[in-house]
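Secondary and tertiary structure notes
Each chain, letter by letter, is given below.
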Amino acid sequence: GAGVSQTPSNKVTEKGKYVELRCDPISGHTALYWYRQSLGQGPEFLIYFQGTGAADDSGLPNDRFFAVRPEGSVSTLKIQRTERGDSAVYLCASSTDRAFGELFFGEGSRLTVL
Amino acid sequence: TQLLEQSPQFLSIQEGENLTVYCNSSSVFSSLQWYRQEPGEGPVLLVTVVTGGEVKKLKRLTFQFGDARKDSSLHITAAQPGDTGLYLCMGAQKLVFGQGTRLTINP
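Presented here is a report on the structure given in the accompanying data block.

Thresholds applied
Residues numbered from 1 in each chain as written. Chains lettered and ligands numbered in written order. Predicted model: local features only at pLDDT ≥ 70, side-chain atom pairs only at ≥ 80, totals over all residues. Heavy atoms only, no water. Contact = heavy atoms within 4.5 Å. Buried area = accessible area lost by both parts, 1.4 Å probe. Salt bridge = Lys/Arg side-chain N within 4 Å of Asp/Glu carboxyl O. Polar contact = N/O pair within 3.5 Å; in protein donor to acceptor, adjacent residues only side chain to side chain. Helix = DSSP H or I, 4+ residues; strand = E, 2+ residues; numbered from the N terminus. Pairing = 2+ DSSP bridges. Axes fitted to C-alpha atoms, helices over the stretch in contact; angles between N-to-C directions.

Considerations on the interface of chain A and chain B
- On the side of chain B, 22 residues touch chain A, which itself brings 18 residues to the contact.
- Of the roughly 1500 Å² buried between chain A and chain B on both sides combined, carbon and sulfur atoms contribute 56%.
- The interface formed by chain A and chain B contains zero salt bridges.
- Put simply, chain A and chain B have five residue pairs in polar contact (both at pLDDT 80 or more) between them.
- Looking at the side of chain A that touches chain B, the elements that each hand over two or more residues are β4 (31–37) and β5 (44–50) of chain A.
- Among the elements that line the side of chain A that touches chain B, the one with the most residues is β4(A), at three residues.

Given below as structure tokens:
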């Protein structure tokens, strides 16, 4: 597809379970970003990849959160031992480069932890 | 503490009215971006402002970047129901968003 694709669109899980969220960026975009958005709030930065490497992971809230982008394209956000406070919409975006670049967002993955 | 403070948080006005929303920070940004987000979708870029004092117009929307590059405003003339949405500013170099202004235009 032409846009950023995120799967699943909805995920319901139980407290303590492991979750993976996938992001397929726009072809050719070298930069990829993960954000988390709670209801009524702006997106909260989690991590930014340039190619395969995490250029800035300062937004990851704790060591239960981890993200990879092994081939510089698809990225997976992994959450271990989920907590109810992890419930949010997880947004992925990609861009052609870092400086002043337009971020193209997917529709997000809504995570609900019961 | 939010790096970017947006005000007001909520705004509900009638179709045809004018409005201004603000994005303020104590930090200097090399550029600021404005996005609009509709329910169930990701944010979509409206504009990027780069130069202090810069004014950009996009049809009925006017964006201004403060001279000191710490603040920005978005002015909408003759608002229409299609302008309804969450307006977000983002400091590009820090990848940080404000909390947004939720705008509702009533027919």
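Quick look at the pairing of strand β8 (residues 71–76) of chain B
Residues and elements named next belong to chain B.
- Where strand β3 (residues 19–24) and β8 come together, six bridges link them in antiparallel fashion. Note on β8: the bridge partner recorded for V21 is L74.
- Taken together, the five bridges between strand β7 (residues 61–65) and β8 define a ladder with antiparallel strand orientation. Bridged to F63 within β8 is L74.
- Taking the residues between adjacent antiparallel strands as the criterion, β7 and β8 are bridged by five residues, where R69 takes a positive phi near 60 degrees.

Quick word on the sheet that holds strand β8 (residues 75–79) of chain A
All names here are of chain A.
- With respect to topology, four strands assemble into an open sheet ordered β1-β3-β8-β7, the strand pairing being antiparallel. Across the chains shown, the open sheet's two edge strands, defined by having one partner strand only, are β1 (5–7) and β7 (65–68). Shown here is a sheet whose adjacent strand axes are inclined to one another by a mean of 15 degrees, direction ignored.
- Strand direction decides the pairing type here: β1 and strand β3 (residues 19–24), joined by three bridges, are antiparallel.

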